[in-house]
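Structural description and commentary
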Amino acid sequence: MTAGLVTLGETMGLLVATEAGPLYRIPALRLGVAGAETNVAIGIRRLGVDATWIGRLGTDEIGDLIERELRAEGVTTLARRENAPTGLMLKTMRTSDLVQVTYYRSASAGSRLSPDDIAEDVVARASVLHVTGITPALGPGPAAAVRVAVELARAHGVLVSLDVNYRTALWAPDVAARTLRDLARHADILFASEDEARLLAGTEGAVRDPVDLARQLVAYGPPQVVIKRGRDGCVALIDGQVHHCAALPVRAVDPVGAGDAFVAGYLADLIAGQPAATRLATANATGAFAVTVSGDWEGLPRREELALLHATDNVVR
Ligand code: KDG
């Protein structure tokens, strides 16, 4: 296997309301798969780079479904099966542009992740280890697994990527800020939204300029800081140089998963040896593709599809 991306975390079954409105009025729910880290792994694979995901799944049909999907996408899956349920996530739309996410993941198989799951040889041969701020919020085992994976990556000269991905439903802001600041100190690449950057920097609403926010995060240690700004594109401070990139204009159907898609685009190009401006342009394009389709990862592009967003006609033959 060529060196690619290794990631770890919890992947869940996803129940998506097929229409907007209160749950009791929804005629049907669609079953799928969700998990920030596997979203990134799938995105990376579709762009032609190897990806391995480490996690735990229940010995249930949701666990089988997740394994099948990841196998179909070509993600190498190192997942112990547990006598505990695979977590679930419910995605409803109270109005056509307000998505609500509810988790059913406490005591799930995924939250049993521990340092024992992190095989040193797997981390050592990767180019990048990618972790998110979701995993340390799942409990002491997952938090320790992230720490060990990061230590191993650093010991073997593997780049460490951290996406803050702060989830209010999972932990308190002060605990999250402390834990994620510590992790950021060991990261080479840090992704955050503006709110997440303020959470880490402890500046609340005070700092508004995204370049200033990126500067504050670079001060923790990571030489590459990317501030994801959704429909306003992104701002990055990479090896001392400021980059601005505008988002691509697309019709958004489902914003969930756009951040993971963005990370996948950036890291796939980093692993492929592309310069910062190209990495950011690909990240913008993958993020744009993700929001055009309902589902956290289903709309992610293959490399040859990236140029489609620049098509001048809306019929491509
Ligand atoms: O970014 C999309 C993720 O939020 C989603 O796929 C599920 O990992 C997830 C989480 O914990 O929110």
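Here the residue numbering is sequential within each chain, running from 1 through the sequence in written order. This being a predicted model, a pLDDT of at least 70 is required before a residue's local features are given, and a value of 80 or more before pairs of side-chain atoms are given or counted; all residues contribute to the totals for chains, interfaces and linings. Hydrogens and water molecules were not included; the side-chain quantities draw on all heavy atoms of the structure.

**Thoughts on the environment of arginine 125**
Applied cut-off: In this text, helices come from DSSP runs of H or I with a minimum length of four residues, and strands from runs of E with a minimum of two, each type numbered from the N-terminal end. Partly exposed describes any residue whose relative accessible area lies between the buried limit of under 20% and the exposed limit of over 50%, with all areas from a 1.4 Å probe on protein chains only and scaled to the type maximum.
You can see arginine 125 is positioned in the loop between α3 (120–124) and β8 (128–132). Take arginine 125: its relative accessible area is 43%, and that puts it in the partly exposed class. Expressed as a C-alpha distance, the spacing of arginine 125 and alanine 153, which sit 28 residues apart in the sequence, is 9.2 Å.

**Describing the sheet that holds strand β1 (residues 5–8)**
Put simply, the rule is: Whether two strands pair comes down to DSSP finding at least two bridges between them. All axes here are fitted lines through C-alpha atoms, helices being fitted over the stretch that makes contact, and every angle between N-to-C directions spans 0 to 180 degrees.
Within the open sheet, the nine strands sit side by side as β5-β4-β1-β8-β9-β10-β11-β12-β13. Their pairing is mixed. Each of the sheet's edge strands pairs with one partner strand only, and the pair in question is β5 (76–82) and β13 (241–245). Averaged over all pairs of adjacent strands, the angle between their axes in this sheet comes to 15 degrees, without regard to strand direction. Summarising the sheet, strand β11 (residues 224–228) and strand β12 (residues 234–238) pair through five bridges and their orientation is antiparallel. Bridging across to β12, lysine 228 finds its partner in cysteine 234.

**Overview of the site of the ligand**
Selection criterion: Residues are classed as near a molecule or strand on a simple rule: at least one heavy atom within 4 Å of it. Whenever a nitrogen or oxygen atom comes within 3.5 Å of another N or O atom, the pair is scored as a polar contact, on the condition that within protein one atom can donate a hydrogen and the other can accept it, and that pairs from neighbouring residues in sequence are kept only if both atoms are in side chains. Surface accessibility follows the Shrake-Rupley procedure with a 1.4 Å probe radius. Residue values consider only the protein chains on display as shielding. As a working rule, the residues Ala, Val, Leu, Ile, Met, Phe, Trp, Tyr, Cys and Pro are called nonpolar, Asp, Glu, Lys and Arg charged, and the rest polar, with Gly in that last group.
Near the ligand lie 14 residues; those nearest to it are Tyr103, Arg105, Arg167, Asp260 and Asp296. Between the ligand and arginine 105, the relevant distance is 2.7 Å, taken from an oxygen atom to a side-chain nitrogen or oxygen of the residue. Interatomic distance of 2.6 Å between a side-chain N/O atom of aspartate 296 and an oxygen atom of the ligand. Taking 310 Å² as the accessible area of the ligand by itself, protein coverage stands at 95%. The residue makeup of the shell around the ligand, split by class, is seven nonpolar, three polar and four charged.

**Notes on the packing of helix α6 (residues 194–201) against helix α7 (residues 210–218)**
Selection criterion: When an angle is under 35 degrees it counts as roughly parallel; over 145 it counts as roughly antiparallel; between 65 and 115 it counts as roughly perpendicular; any other value is oblique. Rotating anticlockwise by less than a right angle from the far helix to the near helix defines a left-handed crossing, while the corresponding clockwise rotation defines a right-handed one. The contact criterion used throughout is that any non-hydrogen atoms of two residues lie within 4.5 Å.
Contact geometry of α6 with α7 gives a least axis separation of 10 Å together with a crossing angle of 40 degrees. Judged by the inter-axis angle, α6 sits oblique to α7. Seen from above, α6 lies across α7 with left-handed handedness. Counted together, Glu194, Ala197, Arg198, Leu200 and Ala201 of α6 and Pro210, Leu213, Gln216 and Leu217 of α7 form the full contact between these two elements.

**So, the layout of surface pockets**
Test applied: Cavity and pocket criteria rest on a 1 Å grid covering protein atoms alone: a 1.4 Å probe that fits but cannot get out defines a cavity, protein on both sides within 12 Å along at least 5 of 7 lines defines an open pocket, and an atom within 4 Å of a point defines a lining residue. Grid points are joined across faces, edges and corners, and a volume is the space filled by probe spheres set on the points.
Considering only enclosed or pocket space, the second largest pocket measures out at about 210 Å³ in volume. Every residue lining the second largest pocket is listed: Pro136, Ala143, Val146, Arg147, Val150, Glu151, Arg154, Thr179, Asp182, Leu183 and His186. Among the secondary structure elements, those contributing two or more residues to the lining of the second largest pocket are α4 (140–155) and α5 (173–184). Sorting elements by how many residues they give to the lining of the second largest pocket places α4 first, with six residues. Here the lining of the second largest pocket is composed, by residue class, of five nonpolar, two polar and four charged.

Nothing here speaks to function; it is geometry throughout.
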